[in-house]
Amino acid sequence: MEKITELTNKINEMEYYITEIQEEINQRKIEIDEVEASIKAFENKIAERTELLKERARAIQMSGGSIDYIDVLLSANSFIDFIDRFSAVNTLIEADREIMLQQVEDTKLLAKQKQSWNPNL
């Protein structure tokens, strides 16, 4: 009877241990799903931004290799028009710069996530 009680206790301990391990496995699956979703989101953002940058490069190429901002500014009809154009040119330049910086940062973050996800990469 004592042996049966001892074995029953060991079985209960093992079942408890198995339950703990199963809960840990379930938690890891949730973490894996979150990392995979994050990686996919970064990949989508990078792909969209790459297309945008390609379109911008095509537009620059079709305009003769560069956008002549000086011509845009000098074709202003008045000082106020010049200020408006200057502001618009600065906004465009800053937007292009920001897109490129975001692309670099997201690419680094994607590589970091993939590395943490699979250290063999």
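Preceding this section is the structure that the text describes.
From a predicted model like this one, the values you see are computed outputs, not experimental measurements.

**Q** In this structure, what is going on with the overall build of the protein? I would like to understand it.
**A** Each helix and strand counted, the protein has three helices and zero strands in total. Going residue by residue from the N terminus, the α and β elements of the protein occur as α-α-α. The buried share among the 121 residues of the protein stands at 11%. Relative to all contacts within the protein whose residues are 6 or more apart in sequence, the contacts with residues 24 or more apart total 67%.

**Q** Mind showing me how you'd approach a nonpolar patch on the surface here?
**A** Together, Met 14, Tyr 17, Ile 18, Ile 21 and Ile 25 make up a nonpolar patch on the protein surface, roughly 470 Å² of accessible area in all. For Tyr 17, the position within the fold is in helix α1 (residues 2-62). Tyr 17 sits in the partly exposed class, given a relative accessible area of 46%.

**Q** Where do I start with the pattern of salt bridges in this structure?
**A** Opposite charge on two side chains allows them to pair when their charged atoms are near. According to the stated counting rule, one finds seven salt bridges in the structure shown. Taking the shortest distance from any N to any O, the salt bridge between Glu 43 and Lys 114 comes out at 3.1 Å. In this pair, Glu 43 is assigned in helix α1 and Lys 114 in helix α3 (residues 79-117), connecting sequence segments 71 residues apart. Residue classification places Glu 43 among the partly exposed positions, given a relative accessible area of 29%. Relative accessible area serves as the criterion here: at 30%, Lys 114 is assigned to the partly exposed category. When the shortest N-O distance is used, the salt bridge between Arg 49 and Asp 106 registers 2.9 Å. One end of the pair, Arg 49, is in helix α1; the other, Asp 106, is in helix α3, with 57 residues separating them in the sequence. Among the residues examined, Arg 49 registers a relative accessible area of 10% and is labelled buried. Judged by relative accessible area, which is 8%, Asp 106 ranks as buried. Here the salt bridges do not stand alone but share partners, grouping Glu 24, Arg 28 and Glu 31 into one network.

**Q** How do you make sense of the packing of aromatic side chains when you look at a structure like this?
**A** The geometry of an aromatic ring pair is captured by the separation of the ring centres together with the interplanar angle, meaning the angle of the planes. In this structure the tally under the stated criterion is two aromatic pairs. Taken together through their ring pairs, the aromatic side chains of Phe 79, Phe 82 and Phe 86 make up a single cluster.

Calculation notes
Residues numbered from 1 in each chain as written. Predicted model: local features only at pLDDT ≥ 70, side-chain atom pairs only at ≥ 80, totals over all residues. Heavy atoms only, no water. Helix = DSSP H or I, 4+ residues; strand = E, 2+ residues; numbered from the N terminus. Buried < 20%, exposed > 50% of the residue type's maximum accessible area, 1.4 Å probe, protein only. Contact = heavy atoms within 4.5 Å. Patch = residues over 30% accessible without salt bridge, like charges linked within 9 Å, V, L, I, M, F, W, Y side chains within 5 Å. Areas by Shrake-Rupley, 256 points an atom, 1.4 Å probe, with all protein chains shown as cover. Salt bridge = Lys/Arg side-chain N within 4 Å of Asp/Glu carboxyl O. Phe/Tyr/Trp six-rings, centres within 6.5 Å; stacked < 30°, edge-to-face > 60°.

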